[in-house]
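One letter stands for each residue in the lines below.
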Amino acid sequence: MTRRPFLAFLLAFLLAAPARPDGVEGDPLPPDGRRHDFDTKHIRLEMAIDFDAEKVAATATLSLVPISGATLSNVALDAVGMDVRKVEGGGRELGFRHDGKTLIVPVDGLASNGNPIELRVHYVLDRPAKGVYFIRPTPEELDLPRQVYTQSEPDETRYWLPCFDQPDDKVTSETVVTVPSGMLVLSNGGLVSRADDPGGKTTTWHWRQEIPHSVYLIVVTAGDYVKLEDHAGDLPVEYWVAKDEVPYAPLSFGKTPAMIEHFGRITGVPYPYEKYAQITVKRYMWGGMEHTTATTLNGDTIHDERSHLDWDSDGLVAHELAHMWFG
């Protein structure tokens, strides 16, 4: 590719942004210069998903370091609409204040002179307004699969994960997600483990992302999925789709390995992560979202051979994949 077309592509890509659905507005971002006196290094999120009740019992462990090196008096986390049950740190239970939007945790003496602190926030999400979305069969659509997904861009991580919900706070992350047996769970990074409970009722999936990324890129998607495996050289390439989408998945995703090799070639930077997965959601609010290593795509990305003649998904697949290089 010549330099001029590549620069035109790059400019168009950087100016592009996914459109919000009509009538949906995110909370306004805090003004520039918001005080940020700690740096989040790592987030470990443990979730137990109750599909029938549309509830999530969760524990978020945040590893923090004071930015200034001085004693940190309070930690303020964005935490909208969640039922915070308990906060722990320094080997003991801590007091906290939560007004439904911001969680304030006094940490006097626990983090000073640049020393790290771990905060464990135990909370429950009960039919959350944003951030976590449940899909299941209805009387009108009996064939819908059971699915649950998170969607955080630009500022909705705060609805399902207590954090400093700004894109400049880069973290490594891991998710430990328990779901009913038979369901699959996809998240960022590499799969650490998958374990069935002794009673055979649930399965726990543990994923870990080793390269720091913004909190709005943390994702959990789970449900009645089939995982199809492909590769680009030695890189695992995965397509996670509903059972009825399996025959048509190659039509939409089959060019992904060639796209990965193409972007690596024209940028001079090989794909930087341990896997690239694409997962479909039947009632996804956008066309797609480029969560690190695990892109979420609308179920309409999948179509049969006749529809493929008129409308292919190559542009969408390439767009979301390109984010893995350009952010």
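Treat the numbers as computed from the prediction; the structure is a model and nothing was measured.

K.L.:
Residues and numbers for the environment of R127, please.
P.N.:
Summarising the element assignment, R127 is placed in the loop between strand 8 (117-126) and strand 9 (132-135). Between the C-alpha atom of R127 and that of A53, which follows or precedes it by 74 residues, the distance is 7.8 Å. Non-local contacts of R127, meaning those with residues more than four positions away in its chain, are made with D52, A53, E54 and R136.

K.L.:
Let's hear about the packing of aromatic side chains: which residues, and what values?
P.N.:
Ring pairs (aromatic) are described by centroid distance and by the angle formed between their planes. Tallied over the entire structure, the rule returns 11 aromatic pairs. With centroids separated by 5.3 Å and ring planes inclined at 25 degrees, the aromatic side chains of Y239 and F253 adopt a geometry described as stacked. Of this pair, Y239 sits in strand 17 (residues 235-241) while F253 sits in helix 2 (residues 249-253), and the two are 14 residues apart along the sequence. As far as burial versus exposure is concerned, Y239 and F253 are alike and both buried. Taken together, F263, Y271, Y273, Y276 and W325 form an aromatic cluster joined through their ring pairs. Above the plane of the ring of F51 lies R146, whose end atom (NZ or CZ) is 6.0 Å from the centre.

K.L.:
I'd love a proper account of helix 5 (residues 314-326), names of residues and values included.
P.N.:
Since the α-helix turns once every 3.6 residues, residues separated by three or four places project in the same direction. Helix length check: helix 5, at 13 residues, gives a terminal C-alpha distance of 18 Å against a target of 18 Å (1.5 Å per residue), a fit within 8%. Along helix 5, the residues classified as buried are D314, V317, A318, E320, L321, A322, H323, M324 and W325. One or two residues past the end of helix 5 sits G327, with phi positive at roughly 75 degrees.

K.L.:
Describe the sheet that holds strand 11 (residues 171-180), naming the residues involved and giving the relevant values.
P.N.:
Hydrogen bonding along the main chain pairs the strands of a sheet, whether they run parallel or antiparallel. Sheet architecture is open: 8 strands sit in the order 5-4-8-2-1-11-14-13, paired in mixed fashion. Edge positions in the sheet fall to strand 5 (92-94) and strand 13 (190-196), since each of these pairs with one other strand and no more. The average angle at which neighbouring strand axes cross in this sheet is 20 degrees, direction not considered. Sheet topology note: the strand 4 (residues 83-89)/strand 5 ladder contains 3 bridges and is antiparallel. Each residue of the ladder has a partner; that of V87, found in strand 5, is L94.

K.L.:
Describe helix 3 (residues 256-267), and please don't skip the residues or the numbers.
P.N.:
Given a rise of 1.5 Å per residue, 12 residues ought to cover 16 Å, and the 17 Å separating the end C-alpha atoms of helix 3 matches this to within 8%. Within the sequence span of helix 3, burial applies to T256, P257, M259, I260, F263 and G264. Buried residues in helix 3, looked at end-on, bunch into an arc of 165 degrees, giving them a common side. In the stretch just after helix 3, G268 is the one whose phi turns positive, near 80 degrees.

Cut-off values and rules
- Residues numbered from 1 in each chain as written.
- Predicted model: local features only at pLDDT ≥ 70, side-chain atom pairs only at ≥ 80, totals over all residues.
- Heavy atoms only, no water.
- Helix = DSSP H or I, 4+ residues; strand = E, 2+ residues; numbered from the N terminus.
- Contact = heavy atoms within 4.5 Å.
- Phe/Tyr/Trp six-rings, centres within 6.5 Å; stacked < 30°, edge-to-face > 60°.
- Buried < 20%, exposed > 50% of the residue type's maximum accessible area, 1.4 Å probe, protein only.
- Lys NZ or Arg CZ within 6 Å of the ring centre and 35° of its normal.
- Expected span 1.5 Å × (residues − 1).
- Pairing = 2+ DSSP bridges.
- Axes fitted to C-alpha atoms, helices over the stretch in contact; angles between N-to-C directions.
- Arc of directions from axis to C-beta.

So, to be careful, I would describe these as geometric facts and stop short of saying anything about function.
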